[in-house]
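So the chains spell out like this:
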Amino acid sequence: MVSTDRIGNPWGSRTPYASGEVWPTRVDSFLTDGVTEADVDRWVQSATILHSNGDGLDIAVKDGRMVGVRGRAVDRVNRGRLGAKDLFGWQANHSTERLTTPLIRRRGKLVETDWDTAMEAVAGRTKQLLDERGPSSVGFYTTGQLFLEEYYTLALIGHGGIGTNHMDGNTRLCTATAAAALKQSFACDGQPGSYTDIDHADVIALYGHNMAETQTVLWMRILDRLAGPNPPSVICVDPRQTPVARASTVHLAPRPGTNVMLMNALLHEVVRNGWIDRDYLAAHVAGFDELQNQLEHYPVERAAEVCDVPVADLRAAARLLGSAERLLSTVLQGFYQSHQATSAAVQVNNIHLVRGMLGKPGCGVLQMNGQPTAQNTRECGADGDLPAFRNWANDSHIEDLARVWNIDPMRIPHYTAPTHLMQMMRYAEDGSIRFLYVSGTNPAVSLPELDRIRKILAQKRLFLVVQDIFLSETAQLADVVLPAATWGEKTGTFTNVDRTVHLSEKAVEPPGQARPDLDIFVDYAHRLGLKDKDGAPLVKWSSPEEAFEGWKRCTAGRPCDYTGITYDKLRGGSGIQWPCNDDHPEGTERLYADGRFWSSPDYCESYGKDMVTGAPLEPTEYQAMNPYGKAVIKAGEYLPPHEAVTDEYPYFLTTGRTLYHFHTRTKTGRAPQLQKAAPEVWVEMSETDAVWHGWTEGDLLRISTPRGRVEARLRVSGIRPGVVFLPFHYGYWDTGSGHKPHGGHGRAANELTLTDWDPASKQPLFKGGAARLERIRTGDGASSPAPTTTASKPVAARVPDTVGGPDATAVEEFPDRLGGAR
Ligand SMILES: Nc1nc2c(c(=O)[nH]1)N[C@H]1C(S)=C(S)[C@@H](COP(=O)(O)OP(=O)(O)OC[C@H]3O[C@@H](n4cnc5c(=O)[nH]c(N)nc54)[C@H](O)[C@@H]3O)O[C@H]1N2
Ligand SMILES: Nc1nc2c(c(=O)[nH]1)N[C@H]1C(S)=C(S)[C@@H](COP(=O)(O)OP(=O)(O)OC[C@H]3O[C@@H](n4cnc5c(=O)[nH]c(N)nc54)[C@H](O)[C@@H]3O)O[C@H]1N2
Ligand SMILES: [Mo]
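Residues numbered from 1 in each chain as written. Chains lettered and ligands numbered in written order. Predicted model: local features only at pLDDT ≥ 70, side-chain atom pairs only at ≥ 80, totals over all residues. Heavy atoms only, no water.

## Some remarks on the sheet that holds strand 10 (residues 203-207)
In a beta sheet, neighbouring strands pair by backbone hydrogen bonds and run either parallel or antiparallel.
Item 1. One open sheet holds the 5 strands; their spatial order is 12-11-10-14-15, and the pairing between them is parallel. Of all strands in the sheet, those with a lone pairing partner are strand 12 (250-252) and strand 15 (364-367), marking the two edges. On average, adjacent strands in this sheet sit at an angle of 10 degrees to one another, irrespective of strand direction.
Item 2. Relative to strand 12, strand 11 (residues 233-237) runs parallel, the two sharing 3 bridges. If you follow Val-237 over to strand 12, its bridge partner there is Leu-252. (Pairing = 2+ DSSP bridges. Helix = DSSP H or I, 4+ residues; strand = E, 2+ residues; numbered from the N terminus. Axes fitted to C-alpha atoms, helices over the stretch in contact; angles between N-to-C directions.)

## Here's the deal with the site of ligand 2
Item 1. Looking at ligand 2, there are 34 residues lining it, with Gln-145, Asn-170, Ser-446, Asp-468 and Thr-664 nearest.
Item 2. Contact between ligand 2 and Thr-655: a nitrogen atom at 2.9 Å from a side-chain N or O atom of the residue.
Item 3. Within the side chain of Thr-666, one N or O atom sits 2.8 Å away from an oxygen atom of ligand 2.
Item 4. Summarising the interface, the protein chains cover 99% of the accessible area of ligand 2, which totals 910 Å² for the free molecule.
Item 5. Among the elements of the structure, helix 4 (171-174), strand 17 (463-468), strand 18 (480-485) and strand 24 (651-656) are those that each provide at least two residues to the shell around ligand 2.
Item 6. The residue makeup of the shell around ligand 2, split by class, is 10 nonpolar, 18 polar and 6 charged. (Near = heavy atom within 4 Å. Polar contact = N/O pair within 3.5 Å; in protein donor to acceptor, adjacent residues only side chain to side chain. Areas by Shrake-Rupley, 256 points an atom, 1.4 Å probe, with all protein chains shown as cover. Nonpolar A, V, L, I, M, F, W, Y, C, P; charged D, E, K, R; others polar.)

## Let's talk about the layout of surface pockets
A water-sized probe, rolled over the atoms, reveals where empty space remains.
Item 1. In this structure, the largest pocket occupies an estimated 590 Å³ of space.
Item 2. Along its surface, the largest pocket is lined by 36 residues, and Lys-183, Asp-385, Trp-392, Pro-418 and Lys-609 are the ones closest to its centre.
Item 3. Contributions of two or more residues to the lining of the largest pocket are made by helix 4 and helix 5 (176-186).
Item 4. When residues of the lining of the largest pocket are assigned to their parent elements, the largest contribution, 5 residues, is made by helix 5. (1 Å grid on protein atoms, 1.4 Å probe; cavity = no way out; pocket = protein on both sides within 12 Å on 5 of 7 lines; lining within 4 Å. Points joined across faces, edges and corners; volume = space filled by probe spheres on them.)

## Digging into the side chain of Glu-812
Item 1. Relative to the helices and strands, Glu-812 resides in strand 30 (residues 809-813).
Item 2. A residue is classified by how much of its surface remains accessible, and Glu-812, at 0% relative accessible area, is buried.
Item 3. Side chain to side chain, Glu-812 and Ser-13 meet in a polar contact 2.2 Å long.
Item 4. Not counting residues up to four positions away in its chain, the partners in contact with Glu-812 are Met-1, Val-2, Thr-4, Arg-6, Gly-12, Ser-13, Arg-26, Val-27 and Asp-28. (Buried < 20%, exposed > 50% of the residue type's maximum accessible area, 1.4 Å probe, protein only. Contact = heavy atoms within 4.5 Å.)

## Regarding the environment of Thr-214
Item 1. Relative to the assigned elements, Thr-214 resides in helix 7 (residues 211-214).
Item 2. For Thr-214, a relative accessible area of 17% gives the class buried.
Item 3. The spacing of Thr-214 and Ala-786 is 572 residues in sequence and 16 Å in space, taken between C-alpha atoms.
Item 4. In this structure, Thr-214 is in contact with His-51, His-209 and Arg-657, ignoring residues within four places of it in sequence.
Item 5. A polar contact is formed between the side chain of Thr-214 and the backbone oxygen of Asn-210, at a distance of 3.0 Å.

## Let's talk about helix 12 (residues 288-295)
Item 1. Within the sequence span of helix 12, burial applies to Phe-288, Leu-291, Gln-294 and Leu-295. Buried residues of helix 12, viewed axially, fall in a sector of 125 degrees; they line one side.
Item 2. Those residues of helix 12 that are buried lie in contact with helix 10 (259-272), helix 11 (278-284), strand 13 (285-286) and helix 16 (341-355). (Arc of directions from axis to C-beta.)

## Structural notes on helix 8 (residues 216-226)
Item 1. In terms of residue burial, helix 8 counts as a mostly covered element, since 10 of its 11 residues are buried.
Item 2. Along helix 8, the residues that are buried comprise Thr-216, Val-217, Leu-218, Trp-219, Met-220, Arg-221, Ile-222, Leu-223, Asp-224 and Arg-225.
Item 3. In this structure, the buried side of helix 8 is in contact with helix 6 (197-200), strand 10, helix 7, strand 11 and helix 9 (243-247).

## Observations regarding the sheet that holds strand 19 (residues 492-495)
Item 1. If you trace the 3 strands from one edge of the open sheet to the other, you get 19-20-22, paired in antiparallel fashion. Looking at which strands have only one partner, the edges of the open sheet turn out to be strand 19 and strand 22 (576-577).
Item 2. Bridging between strand 19 and strand 20 (residues 500-504) involves 4 bridges; their strand directions are antiparallel. For Thr-495, the partnering residue across the bridge sits in strand 20 and is Val-501.

## Thoughts on the UniProt feature "domain: 4Fe-4S Mo/W bis-MGD-type" (unreviewed entry) in the protein chain
Item 1. Summarizing the sequence annotation, UniProt attributes the feature "domain: 4Fe-4S Mo/W bis-MGD-type" (unreviewed entry) to residues 41-97 in the numbering used throughout.
Item 2. Secondary structure over residues 41-97 splits into 11% helix and 35% strand, and the C-alpha atoms at its two ends are 26 Å apart. (UniProt positions renumbered as here; feature names shortened; annotations may be inferred.)

## Some thoughts on the pairing of strand 20
Item 1. In terms of burial, strand 20 is a largely internal element, 5 of the 5 residues being buried.
Item 2. The side-chain alternation of strand 20 yields two buried faces, one formed by Thr-500, His-502 and Ser-504 and the other by Val-501 and Leu-503.
Item 3. Between strand 19 and the antiparallel strand that follows it, strand 20, lie 4 residues; Arg-499 among them carries a positive phi value of about 70 degrees.
Item 4. By the bridge criterion, 2 bridges tie strand 20 to strand 22 in an arrangement that is antiparallel. The partner of Val-501 across the bridge, within strand 22, is Ile-576.

Dropping the structure here:
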């Protein structure tokens, strides 16, 4: 057993292992000050909620309160490990700033009210609008952080009850491109690979993915392989000097927005050198010829110029990809939040298709998710997709869904592609959407071009409902605020990136009158009087387990088949990977092991899209590609970034995350260890650029774009010259301070970002835009508040190290080691 400061050393101790071995167990735990294991009344099974990894953990409960967490040694995902946000983030549940009663706007002010008044106002306004303006005046915007049962209920209400096409999740900002890329290549959502591919891979490529900070436990798995015999080679594609870049064999730091050019050059080299699997291509893949023709235009020399990456590095990366025997790739926001998001992500799939590297141990693509339950938002149809990967453009799928819901098929809107969030915001701006029900997301901080978003959400004619656990920046603009119970206070299931389904049990009571999101949605459905075609209530369940059983019926025979999973089966052991049914009673580790894809036109989730215009393909166009059971390669031409740097705005602005915070910090900002590690916004710039301006670490800068301004202290870091980076976590309200405004709107990165999206996935471009910087005052020797342990590692030696001290000490146990048994 060792004690480690898990703020200062976020990845903890190494447990090295070799290719093909089982990842050793390491059980991490943290108990609040003064509490020992002997004091704990109960341990309640759950999984992590502040990222998409799905690490199994148990919540320690004493006297009806959470007092700590411990990783689950039996869990296939983490084998006991936890990240810093998991170890400390749960403390926010007990924050005194939790919402405890519903609020309603009276004479311009939010005041406390009772549930009945609040829900009658919400349902009453919905009914009034349905009568006066029809379903297109009603929109829903949900999240990737509720539970499966809640999304399925919401999807049923929206698609089956109200009949609006305006339903999306913040997954649009997050992993819309993952879904789009999987649909483009494999005609269906669902990760082909498994986390265990890390145990076997000899090359691991991370594309625009700072896994070390955003899936810390998955990164521990890679670190343990790197520390063991026959370690894998690592390729990192990221313009910043992330911890991933520092651990990599080859680091390509392209100009932002040039991912498709880079991918095409890598593919060009792989194909030119004949590092391809012709048998696999012939048997299982359509579209290779078109790719080959396209690639002629993308020699590495051209990419070297456009991306500003040395030819030798491109060749070295291509050789690793081409000579890999077991290649694992992961893709995330550096690719997804970019102007050619889908096209870039699809080229990663293409590398696996030309190399025949799918469905075997070590050979996987992880088109990553970010949020804990984003997979469920997509599966359940709370994001514009239809439940269980049904195809909105296929009438027989609509009929089948109507059968499951016992309603008339014409009640399910499917006349056009579902409305994506950015379009919903436009409709709200124009006044055709008059009611917006926001659950579990904070768009007043997380959407691009905040000045515009605030104006839209604050309109009098828009009835805004916000269901949250804190009075977020968005909740402050609402007409009705509904206080929700959250993780640890309610029961439900959720599915991580590699299709592992976990059960999260209720451990403690929610504060005050807060209610589980499921209860609120069910209440709403009943107040609207939603009925099926026999006059029975449309929503036929009230408990999570009943909702889960309803969901299982909806998935029967579909790719994400849950019919073999029960709550009881999820209790005690590890999570289970879907599909899980009579044919696969223990779940399925890898998809497409037999080279058969879910692409036949009558079964597939999507006919695909044109990646340049975003136009959905017609069924006949899809059939012409000969997808029957095959994957489809789609070539992508490179187009330059939408907003180029100019003399006036000479820096490329990119935004993203740090290890210690989650999104808009409503939880991590209220966990003292995490807040202390990264207390305030900063801006990263290269040493070359800083020296040119004569600026140094800690100087206060103003960052401006045509949309707005932010002030932040300078961190001189290893980022590529010409690029500046801002974390997007810092809204304009301070957490943990009794709701004090921070002092104006000057620190949210999204004051600066632009209203624009990838044409195919409709994911906004948080990694694009041009900015101008100026110095407001010198730092006088003070350093910027950025962490030193992460991508924001300073160049200057004088900056004090980020440490957590005694309050951040967690325990690591090693049950596999001799004498280490608990
Ligand atoms: N600590 C922490 N972990 C999280 C979260 C969190 O808020 N905090 N959020 C979760 C969620 S919802 C998500 S979606 C994930 C996101 O996880 P990541 O995608 O890993 O995180 P980001 O920091 O948004 O972006 C990743 C990297 O993209 C790089 N990048 C920027 N522009 C480009 C480009 O043009 N090309 C390339 N190749 N790279 C570029 C950035 O330098 C950055 O290092 O993290 C999840 N995990
Ligand atoms: N500039 C820039 N902007 C970005 C990104 C970026 O990289 N750069 N990344 C984008 C991405 S990938 C994402 S995922 C989004 C995230 O953006 P958001 O979803 O807006 O961020 P969160 O802070 O996670 O907001 C979740 C909200 O739900 C509340 N909540 C938590 N648990 C529960 C619950 O159980 N029930 C209910 N009802 N509410 C709950 C929280 O208090 C919080 O207010 O941001 C996007 N915006
Ligand atoms: Mo995300």
